[in-house]
Every structure is written in structure tokens, then in C-alpha cells.
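Analysis of the macromolecular model
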Amino acid sequence: MPEKAIYDIAVIGGGLAGLCLSLQAAEKGYSVILFEKEEYPFHKVCGEYISLESYDFLKGLGVPLEQWEVPIIKRFQSSDAKGNLYNFNLPLGGFGVSRYKLDDCLYKLALAKGVHVHNQTRVNNAMLNPNDIFTVQTSKGDFQARIAAGTFGKRSNLDVKWNRDFIQKKYGKLNNYIGVKYHIHYPHAPDTIALHNFKNGYCGISNIEGGKTCLCYLTTAQNLLQSGNSIRYMEENILSKNPFLKKIFSEAVFLYEKPLTISQVSFSNKTQVETNILLMGDAAGMIPPLCGNGMSMAMHGSKIAFICIEQYLQMSISRIQLEKAYIRLWKKEFSRRIWVGQKVQQLFGGNTSTSLFLKSMKALPFLATRVIRSTHGKPF
């Protein structure tokens, strides 16, 4: 397809938020260009649990979840670092699906809808010109669009270029984490997502499509440093002190030669607009993965953004009104969810605090239900 002189929307980043925004816009006839630094399909560090609030939205975009026979998850269990296990119900529940399969499906749907996708393309800058048109500077040249959306993940070169607040923060309880992910074969209950704690971290395990299981953990960079920067040593000497994790790492069949990793992960609060660019997904603020809904937030955020963007493209509101409306709606939907997730995360990865919290959740079922519901949204 020939490139357009000026696109309606330029999307920087081809994860869930970017792909879902592109599909919604293309479905309504708007011209969209999307830039992704990788080549589809590819794996991402991700817990791969999605709350059921997103199920109908994905089906509406054309994702054949029933055909994939994704496991439906209705139970949550968690162990403290000593291996004491606690079981809970998930009021809404979720399902498991790999990012490799889901992102690739959305990518192919976007291509079929006429989205111009540039794989293996790095975005170096995006700026609003005096003529109210964005110029997006990339490794494949410059492109122009009426709207620019940033959906580029947890930490990018643009975050650094803009010197965003969370980049400037000193390392603390909400930043400088590392994430590690495997796909494994392991006899894990398909209706259950488990979260096993260890010193300064926690590890999630849940089933995905095709009889596979996702094993993904988060821990501090300090834990890795103290392990001589050896992931294997850290797993054998820190994670495996939890007997559940010791059993998994001893008995599972690992499907990767090496784990997928990400560093410098931050869960600090973020802004939803930078230099007139609407930010979505992890770029806008992400819920700690222990709550399992970063993917749902990314998709829901794209829906909120498109509602505002369409009003602007139809000249019903100004750019300033667009930005204010998006920030207001985003915060209304997600701010409390993120706050709860941050507070709960700080209670995990410790010995005493984790045990006390899980015991309290078990002793007070209404508290457990309230906390879990606070980290899950409603169908959208």
C-alpha cells in the first residue's frame, strides 16, 4: 500500500494498546500507521493472564478466543516464602493466552484492515509542528499524522529523551525490578493462577493455550546482583527456597533455551500525555503484575483513547480538550486500580509482611474479595 502524505493516527509501539487502537481506528475508516521495533511474531516478558473484562472486547476485534480454547481461570492461590499456601476465588476471573499468539493475531487483523505497519522500525522522536501536524522521526524516515499515540511499553528511548519523571526517580520500592519469563510444560491446574513468593520477589504461574504454562517472576535488580548476575544461581539459591518453586524448577520441562528477560522495570506513577502525545498501556502507567491486569488496562485504555481521538478527528473538540478528556477518563478508570496494586505489591516479596497479609486475606474473605475486585475492572 502506498504511504499517505498525512495519516490520521501514528501509533508508536505495536503491543496490545497500539494494535487495539489501530484496529478500532481502521474499522472506522481512519488511516493509521504503526511503528514496531521488533518483527512479528515475538515473545514478551508478561504474566499472560487477562481478566475476563477484556474477553468480549477482543472477540469484537476478531480474535477467535473460543477456537484457541484458552483456559478459563477462576481460582487464585498464593504461597509465602516459606511455602504456606492460601487459596482464594476470583470473582470475575480471567483467561490465559500467550503474547506471542495474541499480538501476532492482532497484527494480522490490523494488516487486513489496512493499517500500515512498519516492523523493525525505531522511533527517535515525535513532535507537534506549528501547523498542528505531528512529525514522527524514525529509522525509516519521517512520517506525518494528525494524532500521535505512544504505546511503547515500560521504558523506551522516548521516555529518556523526554526525561519523564519516573526516569529521574532514584531506585526504590517501585522501580529497578527485573522480569524473567519462561514457557514450560508442567502439570498446573488449568483453572488456577498461582503466585509464589520468595525473598524480594514473586513468581506467577498459569496455563495458556496449547497445553503450555507461563512461568513469570519479578524481583529486584539487587537480588540478581547478589547472585553474581546469574539467573540460574538466583533461581537455585533464592527462588527455590520456596518449596513450590523448587518443585517447579526441578520438574518442569522448559521450552526456551534461555529465559526472556527485561530490566529497569518501574511501577512509579506516570503521565498520560507527553508533548501532546497520548500515552497508553505501560507507557501511561501500569498495574503491578501481581494483580495480573496490565494487559486489560492497555486494551481498555486504547478504547478510552479512541473515543477521545475520534471526537478530535471529527473536529468536535480541540486538541487541548482531547488531552484533558483523555487524562480525566484514564484516571477515573485506572487510578485507584494502580494505587491498590502498588500497595499490595509492597506487601509481597517479604517474609513477615507477606505471611501476615495472606493470613489476613484468608481469615477475612470479604477483604480478599475486595482487594481482588479492586484490581479487576468491569467488562468494557
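Everything that follows concerns the structure shown earlier in this document.
Here's what I pulled together on the structure shown here. (Residues numbered from 1 in each chain as written. Predicted model: local features only at pLDDT ≥ 70, side-chain atom pairs only at ≥ 80, totals over all residues. Heavy atoms only, no water.)

1. A few points about helix H4 (residues 99-112)
- Relative to the 20 Å expected for 14 residues at 1.5 Å per residue, H4 spans 20 Å between its end C-alpha atoms, a close match to the ideal helical length.
- Those residues of H4 lying buried are Arg-99, Leu-102, Asp-103, Asp-104, Cys-105, Leu-106, Tyr-107 and Ala-110.
- Check the buried side of H4 and you find it contacts helix H1 (16-27), strand E3 (49-51), helix H2 (55-61), helix H3 (65-68), strand E6 (116-118) and helix H10 (294-313).
- Once H4 ends, the next one or two residues include Gly-114, with phi positive near 95°. (Helix = DSSP H or I, 4+ residues; strand = E, 2+ residues; numbered from the N terminus. Expected span 1.5 Å × (residues − 1). Buried < 20%, exposed > 50% of the residue type's maximum accessible area, 1.4 Å probe, protein only. Contact = heavy atoms within 4.5 Å.)

2. Quick notes on the nonpolar core
- Among the nonpolar cores identified, the biggest contains 78 residues, and Phe-95, Leu-102, Leu-106, Met-299, Ile-309 and Tyr-326 are the most heavily contacted of them.
- In terms of residue count, H10 provides more of this core than any other element does, 11 residues in total.
- Beyond its immediate sequence surroundings of up to four residues, Ile-309 is in contact with Ile-9, Leu-21, Ile-147, Leu-278 and Leu-322.
- The next biggest cluster of nonpolar side chains, apart from the first, holds 21 residues, and it includes Ile-193, Tyr-202, Met-361 and Ala-368. (Core = buried A, V, L, I, M, F, W, Y, C linked by side-chain atoms within 4.5 Å.)

3. Some remarks on the pairing of strand E5 (residues 85-96)
- In this structure, E3 lies alongside E5, joined through 3 bridges in antiparallel fashion. Residue pairing in the sheet places Ile-50 in a bridge with Phe-95 of E5.
- Looking at chain direction, strand E4 (residues 72-79) and E5 are connected through 7 bridges and run antiparallel. Its bridge partner being in E5, Phe-76 is matched across the sheet by Phe-88.
- Hairpin connection from E4 to E5: 5 residues lie between these consecutive antiparallel strands, with Gly-83 at a positive phi of about 100°. (Pairing = 2+ DSSP bridges.)

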